[in-house]
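Given next are the chains, with one letter for each unit.
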Amino acid sequence: MDLNETIESQSPREPAGLRSGSGLTRLVRGYPRIWAAVVLWLASWAFVSAFSNLARWETGAQYDGMASLCRWDCNWFSSVLQSGYSSAPWPGTGDANWLFHPLLPLLAYPFYHWMSIPAAKSLVLVSKGAFLLSIYAFLLMVRSYLSDVADYFRAGALVAFNPYLIYGHAGYSEPLYFAFLCLAFYFAERKQWLLSGSMGTMVSATRMVGFVFAIPYALFALRGVERENYPRTLATKFLGLLLCPLGTAAYMLYLYLHTGDALAQEHIHLSWVHFPPQNPFALLLVFLAGQHWARLWGLMCLGALVAAIYLFRLRKPEYGVYLLIAVLLSISGGLYGLPRYIWWQPPLLYAIYRWMQRHPSWWVPYIVFTSGMAAFMVVEWFSGHGFVA
Amino acid sequence: MPRFAEAPALAGIDAGAVRRRLWSRISANLWVALALWVGSNLFTYGIANFATWEGAAHYGRMKDLCLWDCRWYQSIVEFGYFHSITEARATHPEHQDWVAVNWPFYPLFPMTASGLRKVFRLSPAGSLVLAGKLELLLAIYAFLLMLSGELETTEDRVRAGSLVAFNPYLIYAHAGYSEPLYFTLIALSFYFARRSRWLAAGAMGGLASATRVTGFLFSISYLMEWLRAQEWRLSWRALDRKAVIGLLLCPLGMALFMLHLRARVGDALAFQQAEISWGRWLGNPISTLILCFQQTRLHWPPVWAVMVIAACLVSLWLFKLGKPEMGTYLALVLLLATSTGYWSVARYIWWQPPFLYAIYRLLRRNAGAWLIYSALAAGMAAFMVLEWFSGHNFVV
């Protein structure tokens, strides 16, 4: 056996049937995870472009390229990118852009300030890039259950054809949050504590709910801790834990220095939704008793809570806890943005993947329904109706 | 001795096992068809409701989906074929929206709706929508039958059936159009013809020719299947009487419709004359395609032209797959559809069993491609449902 054969035989497990072929085929098939992620990402991009164009043809949507997708919250991120955080609520409206965490505009910064790409386009580019990373990161997260190329595509399609995929292409922070959270879980499972903690930092610098990752991190770290007798490992775990909420902490510190209020994001949220966080279960009942979107979103929340319980049953309490807390926190904040808070949670898609793995006949119908919803959302994105925001 | 004694018992067991296997296959097809049919209904219901919530539609009941051509079928269900447009308007002054005669709409679909209307006492629009929906169930089942030799697992069946249930133009199956009935009959015609059940194939072909104008073209595919069964040698001495009767049955529906029109309006080709009054007459299909690519301002014609070209390639591929009867049928349908213009050409393509069969063959070995196709098809289906209520005539 020569050296090449030795390396080949010791290389990480790859699906069967991928070693044949030559040249580009072999190169591409040698990295099925990347290959699947790129193909699905391009398909998702084509999907959004196609239905945006159809919306332009038939509904008069103002779409003339990817920058036109930057609407709603993307405009808020754009204001952060262009002029930074406001030091006080804007006169007249009383609004401020403090609710929008800094990582997305920070990553768009080089595009806008150094390459002179318009702010809207910079944000959309970053979110699209993060969307590719999301698909790849999710494939890493579910890697133990992927045995062939078909599995890679199935798992990746859950992200690529998310019913709320529009947020992955419209300059929102959802794909960034999703990607870093997947990586945080992935590294925590592999006991790479500092990397996991660093990803947790990124998550908490991306969205408000991100700091909650500290709890599943702690659960991961506590697994078998009684058998640990290496102080160095314990210290690494603890350092990783401290890193988890660092993004939020740094942002709060910045807000304190900039506005004099470390909780400015929370206070501005109150002025947006007009009520303090409420009992999520009571609110859920209100949603379910409501009409139209409120009821549908209430049902989605209910489904997500069931998925969280299912994750406990799958012996994934870390995922279950995170999903449970993230969903309950989202509900307690009111209806605004609720479906995207639910559908852009890696543990939810993980639970769906595991369930579908047991019922493979459901793959096509599931993708059909999510894609139908995704197309509807893309067309309505330009409608000016606030339910999409 | 024991060997002889066991032989009949073993034969009995085998026959029972075969029967059970056959039944399990039938019931598997039925369950899959039913599940996908429910899914297709839910999909349409969901998107139509979302569109209504956002003010883009007015969907409250099933019959609200009866728009565009369904209204013409409705006129047939209510009043039969017009004698002339002047007489129709004079007799029914409330229908001044009638701008042309309803002769281009073939009779079998409104006949099935009339039956449901009488049984369930539905409104004409409601009966047409319900008929279309029930025929979608049959269409899924018929397509599974057509592919029965190639489907082994439930997953295979679901994927094959979903091509019909979640067709990008699924709206026509839920809106009182004749597409699902036509699809069912053509799929069954191919199914029976492949099994040399000539009378059944001819009967289905005859019904298809009473459903849509392209139905009579199945006669040619029938002939090809028959010749193939005879190993491409036609022996006049050993002519199969059932096969000849089947062949004669193929265009019978259309012939009867022509007779009816002759008796009713004095012109057996009245449906063709009516097409002319609708702005559709036989022309050069190549000119239609060129015209499509020139109509870039209208957006859709170039898209439809690309679909036609893709479908032409698919028909050639069907020959390569050893399915010349399907390839020929698809090619002839495309020829006829494009020779009368580009409107509605998309549904002519997407509601053809040979076209969906080719898609099945193309995708069956690639799970990734299946998912991407399903996503795009479902997206288009959702868009069509959303736009169904828009009043924009690209949906007809």
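What counts and what doesn't
Residues numbered from 1 in each chain as written. Chains lettered and ligands numbered in written order. Predicted model: local features only at pLDDT ≥ 70, side-chain atom pairs only at ≥ 80, totals over all residues. Axes fitted to C-alpha atoms, helices over the stretch in contact; angles between N-to-C directions. Helix = DSSP H or I, 4+ residues; strand = E, 2+ residues; numbered from the N terminus. Parallel < 35°, antiparallel > 145°, perpendicular 65-115°, else oblique. Left-handed = near helix turned anticlockwise from the far one by under 90°. Contact = placed C-beta atoms within 7 Å. Nonpolar A, V, L, I, M, F, W, Y, C, P; charged D, E, K, R; others polar. Domains from an automatic or database assignment. pLDDT = per-residue confidence, 0-100. Core = buried A, V, L, I, M, F, W, Y, C linked by C-beta atoms within 7 Å. Buried ≥ 20, exposed ≤ 12 C-beta atoms within 10 Å, placed from the backbone.

Visitor: So what exactly am I meant to see when it comes to the packing of helix α8 (residues 174-189) of chain A against helix α9 (residues 193-204) of chain A here?
Guide: Two numbers describe a pair of packed helices, the interaxial angle and the distance between the axes. Residues and elements named next belong to chain A. Contact pair α8 / α9: the axes reach a minimum separation of 8 Å and the direction vectors enclose 160 degrees. Viewed along their axes, α8 and α9 adopt a mutual orientation that is roughly antiparallel. Along this stretch, α8 crosses α9, giving a crossing that reads as left-handed. Where α8 abuts α9, its residues Tyr-177, Phe-180, Leu-181, Leu-183, Ala-184, Phe-187 and Ala-188 lie against Leu-195, Ser-196, Met-199, Gly-200, Met-202 and Val-203. The residue makeup of the contact of α8 with α9, split by class, is eleven nonpolar, two polar and no charged.

Visitor: Would you mind showing me how to read the domain arrangement of chain B here?
Guide: Frequently, the measure chosen for interface size is the accessible area that the parts lose on association. All names here are of chain B. Each assigned domain of chain B is listed with its residue range as follows: domain 1 (2-279) and domain 2 (282-364). The centre of domain 1, based on its C-alpha atoms, is set 20 Å off from the matching centre of domain 2. Each partner contributes to the interface: domain 1 provides 24 residues, whereas domain 2 provides 18 residues. The set of elements that each furnish at least two residues to the side of domain 1 that touches domain 2 consists of α5 (124-146), α6 (154-165), α7 (179-194) and α9 (218-229). Here the side of domain 1 that touches domain 2 takes six residues from α7, the largest share from any one element. Considering only residue class, the side of domain 1 that touches domain 2 consists of 18 nonpolar, three polar and three charged.

Visitor: Explain the interface of chain A and chain B here, please?
Guide: If you look at the interface, chain A gives 33 residues, while chain B gives 30 residues. If you list the elements that add at least two residues to the side of chain A that touches chain B, you get α3 (32-59), α7 (149-160), α15 (292-313) and α19 (363-381) of chain A. Its residues assigned to classes, the side of chain A that touches chain B comprises 24 nonpolar, six polar and three charged.

Visitor: Can you walk me through the confidence of the model for chain B in this structure?
Guide: Low pLDDT marks regions whose predicted coordinates should not be analysed in detail. Scored by pLDDT, chain B has a mean of 92; 97% of the residues are at 70 or more. Within the model, pLDDT remains below 50 along residues 1-10 of chain B, and this stretch shows zero contacts once partners closer than five positions in the same chain are excluded.

Visitor: Looking at this structure, I do not really get the nonpolar core. What am I missing?
Guide: Of all hydrophobic cores here, the largest spans 271 residues; its most connected members are A:Leu123, A:Ile135, A:Leu323, B:Ile140 and B:Phe143. A per-element tally of this core places helix α18 (residues 367-388) of chain B first, with 16 residues. The residues that make up this core include at least three from each of domain 1 (2-279) and domain 2 (282-364) of chain B.

Visitor: What exactly am I supposed to notice about the packing of α9(A) against helix α10 (residues 214-222) of chain A here?
Guide: Residues and elements named next belong to chain A. It is the contact of α9 with α10, at a shortest axis distance of 11 Å, that shows an interaxial angle of 170 degrees. Comparing their axes, α10 and α9 come out roughly antiparallel. Side by side, α9 and α10 meet where Trp-193, Ser-196, Gly-197 and Gly-200 of the first sit next to Ala-214, Tyr-217 and Ala-221 of the second. When its residues are assigned to classes, the contact of α9 with α10 shows four nonpolar, three polar and no charged.

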